[in-house]
Amino acid sequence: AKSIFEYFKFDAVTLNPYMGRDSIEPFMHDKEKGVFILCRTSNASASYIQGNAIEDGSVIKKVVMLANNLNRNSNIGLVMGATATSELKIIRNLAPNLPMLIPGIGAQGGDLEESVIVGNKSSPALVNVSRDISFSGKMDSYSIYKSAENYFTLISRYLNDREK
């Protein structure tokens, strides 16, 4: 944790919870630093380990409960893939106060509108679009700018519609 936050000066870290609570706790002491815990990733084979059904005792539900319990400094969030929007709704209800980092838009085919609306239902969500912007068009600065501008416009519209 020291090397991540002090040496590299990162503001946040993404952690894998599958090694347990003691692998997360060293990162959560500084209230000014964010800790995003992998909950449901957006890659195609994620459900093999993470499962599709969120039932009592499921891996995903245990991760959500762990994150809720560890959030004493209000600096814990969840990584929730945009390719699993039905699970996103359930997880948002289980963790209404946790911020979310939502990757998987664009190249992985995640649902942008649903991710923005559900993700921001009760707490902030950061919807991440990287490959679809970085590798857009001719991969020149203009193509990248236009792609980012397009996503910004879409996200702004979804959030504005939600406020009405």
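Up top is the structure these notes are about.
A.B. asks: How would you explain the overall build of the chain if you had to name every residue and give the values?
C.D. replies: For the chain, the helix and strand inventory stands at 7 helices and 5 strands. Order of helices (α) and strands (β) in the chain, N terminus to C terminus: α-β-β-α-α-β-α-β-α-β-α-α. Here the C-alpha atoms of the chain give a radius of gyration of 16 Å, agreeing with the 15 Å that 2.2 N^0.38 yields for 164 residues. Every one of the 164 residues in the chain was classed for burial, and the buried ones make up 41%. In the chain, once contacts between residues fewer than 6 apart in sequence are set aside, the share between residues at least 24 apart is 57%. When the accessible area of the chain is evaluated, it comes to approximately 9,400 Å², of which 53% is carbon and sulfur surface. In the chain, the 18 positive side-chain charges and the 17 negative ones have mean positions that sit 2 Å from each other.

A.B. asks: Outline the packing of aromatic side chains, listing residues and values.
C.D. replies: Tallied over the full model, the rule gives 3 aromatic pairs. Ring geometry for Phe5 against Phe27: centres 6.2 Å apart, planes inclined by 80°, an arrangement best described as edge-to-face. With Phe5 in helix α1 (residues 2-7) and Phe27 in the loop between β1 (12-15) and β2 (34-40), this pair connects stretches of sequence that are 22 residues apart. On the basis of relative accessible area, Phe5 is assigned to the buried category, the value being 9%. On the basis of relative accessible area, Phe27 is assigned to the buried category, the value being 13%. Judged by centre distance (5.6 Å) and plane angle (15°), the rings of Phe8 and Phe10 are stacked. With relative accessibility at 41%, the residue Phe10 sits in the partly exposed group. Connected via pairs of aromatic rings, a cluster forms that spans Tyr7, Phe8 and Phe10.

A.B. asks: Break down unusual backbone geometry for me, citing the residues and quoting the values.
C.D. replies: For Lys9, which is not a glycine, the phi torsion comes out positive at approximately 65°. In this fold, Lys9 is placed in the loop between α1 and β1. Despite not being glycine, Met139 has its phi angle at roughly 60°, a positive value. Locating Met139 in the fold gives a position in the loop between α6 (131-134) and α7 (141-163). On the basis of relative accessible area, Met139 is assigned to the partly exposed category, the value being 48%.

Reading the values: the criteria
Residues numbered from 1 in each chain as written. Predicted model: local features only at pLDDT ≥ 70, side-chain atom pairs only at ≥ 80, totals over all residues. Heavy atoms only, no water. Helix = DSSP H or I, 4+ residues; strand = E, 2+ residues; numbered from the N terminus. Rg over C-alpha atoms; globule rule 2.2 N^0.38 Å. Buried < 20%, exposed > 50% of the residue type's maximum accessible area, 1.4 Å probe, protein only. Contact = heavy atoms within 4.5 Å. Areas by Shrake-Rupley, 256 points an atom, 1.4 Å probe, with all protein chains shown as cover. Lys, Arg positive; Asp, Glu negative; His and termini not counted. Charge placed at Lys NZ, Arg CZ, Asp CG, Glu CD. Phe/Tyr/Trp six-rings, centres within 6.5 Å; stacked < 30°, edge-to-face > 60°.

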